[in-house]
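What follows is the residue order along each chain.
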Amino acid sequence: KAKGVDEVLVCCVNDGAVMKAWAKDQGVDGSMITFLADTRCEFTEAIGMCIDHAGPKHALGNTRCKRFVLVVKDGVVKNVEVSEADGDPTGDNDPKGPVTAKTRVEHILTLL
């Protein structure tokens, strides 16, 4: 909030029950963070954030979204950050590494 953030939306290609359970696990109820389910992958496809690498698609069984952050101000996308690289298509091989760092809160706060 100190950086002018009104709301944080966490969106994943998943069903609502999974997203509700994840939000509960993360303890975000009543906060500025809302977890949303993109059950049919419509939003993810519309913004071009589907994982297209064969490895994760095979392992997960259906299309999922990339690890990404959109910084939006007054309805306009100001920044797009995506955690993906050769050999790390989902951006999570090393949670503290440079690929994942692109979408970690510490980096995003520097963009505000």
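Keep in mind that this is a model prediction, so the values were computed, not measured.

1. Topic: the overall build of the protein chain
Item 1. Along the backbone of the protein chain there are five helices and four strands.
Item 2. Helices and strands appear in the protein chain in the N-to-C order β-α-β-α-α-β-β-α-α.
Item 3. Relative to its length of 112 residues, the protein chain is compact, with a C-alpha radius of gyration of 14 Å against a globular reference of 13 Å.
Item 4. Across the 112 residues of the protein chain, 27% fall into the buried class.
Item 5. Considering only intrachain contacts with a sequence separation of at least 6, the fraction spanning at least 24 residues in the protein chain is 41%.
Item 6. Total accessible area on the protein chain is roughly 7,600 Å²; 52% of this is exposed by carbon and sulfur atoms.

2. What to know about the pairing of strand S4 (residues 76-83)
Item 1. Two elements, strand S3 (residues 67-73) and S4, share seven bridges in a ladder whose sense is antiparallel. Residue Arg67 lies in a different strand from S4, and its bridge partner there is Ser83.
Item 2. Hairpin remark: S3 followed by S4, antiparallel, with two residues in the connecting loop; positive phi at Asp74, about 55°.

3. Focus: the pattern of salt bridges
Item 1. Scanning the model with the defined rule gives three salt bridges in all.
Item 2. Across the salt bridge formed by Arg104 and Glu106, the nearest N and O atoms sit 3.5 Å from each other.
Item 3. The exposure class of Arg104 is partly exposed, given its relative accessible area of 34%.

4. Considerations on a nonpolar patch on the surface
Item 1. A contiguous nonpolar surface patch, about 240 Å² in accessible area, is contributed by Val72, Val77 and Val80.
Item 2. As for its placement among the helices and strands, Val72 is situated in strand S3.

5. Quick look at unusual backbone geometry
Item 1. Phi is positive for Cys41, close to 65°, though the residue is something other than glycine.
Item 2. Relative to the helices and strands, Cys41 resides in the loop between strand S2 (33-37) and helix H2 (42-46).
Item 3. Positioned with a positive phi, Asp74 is a non-glycine residue whose angle comes to about 55°.
Item 4. Relative to the elements of secondary structure, Asp74 occurs in the loop between S3 and S4.

6. What to know about the side chain of Lys66
Item 1. Counting through the fold element by element, Lys66 comes out in the loop between helix H3 (54-60) and S3.
Item 2. Residue classification places Lys66 among the buried residues on the basis of a relative accessible area of 13%.
Item 3. Leaving out residues up to four positions away in the same chain, Lys66 has contacts with Gly48, Met49, Cys50, Ile51, Val82 and Glu84.

7. Quick notes on the pairing of strand S1 (residues 8-12)
Item 1. With five bridges connecting them, S1 and S2 associate as parallel partners. Bridged to Cys12 within S2 is Ala37.
Item 2. Traced from S1 through helix H1 (residues 16-26) to S2, the parallel crossover comes out right-handed.

Calculation notes
Residues numbered from 1 in each chain as written. Predicted model: local features only at pLDDT ≥ 70, side-chain atom pairs only at ≥ 80, totals over all residues. Heavy atoms only, no water. Helix = DSSP H or I, 4+ residues; strand = E, 2+ residues; numbered from the N terminus. Rg over C-alpha atoms; globule rule 2.2 N^0.38 Å. Buried < 20%, exposed > 50% of the residue type's maximum accessible area, 1.4 Å probe, protein only. Contact = heavy atoms within 4.5 Å. Areas by Shrake-Rupley, 256 points an atom, 1.4 Å probe, with all protein chains shown as cover. Pairing = 2+ DSSP bridges. Salt bridge = Lys/Arg side-chain N within 4 Å of Asp/Glu carboxyl O. Patch = residues over 30% accessible without salt bridge, like charges linked within 9 Å, V, L, I, M, F, W, Y side chains within 5 Å. Right-handed = clockwise from strand over helix to strand, strands pointing away.

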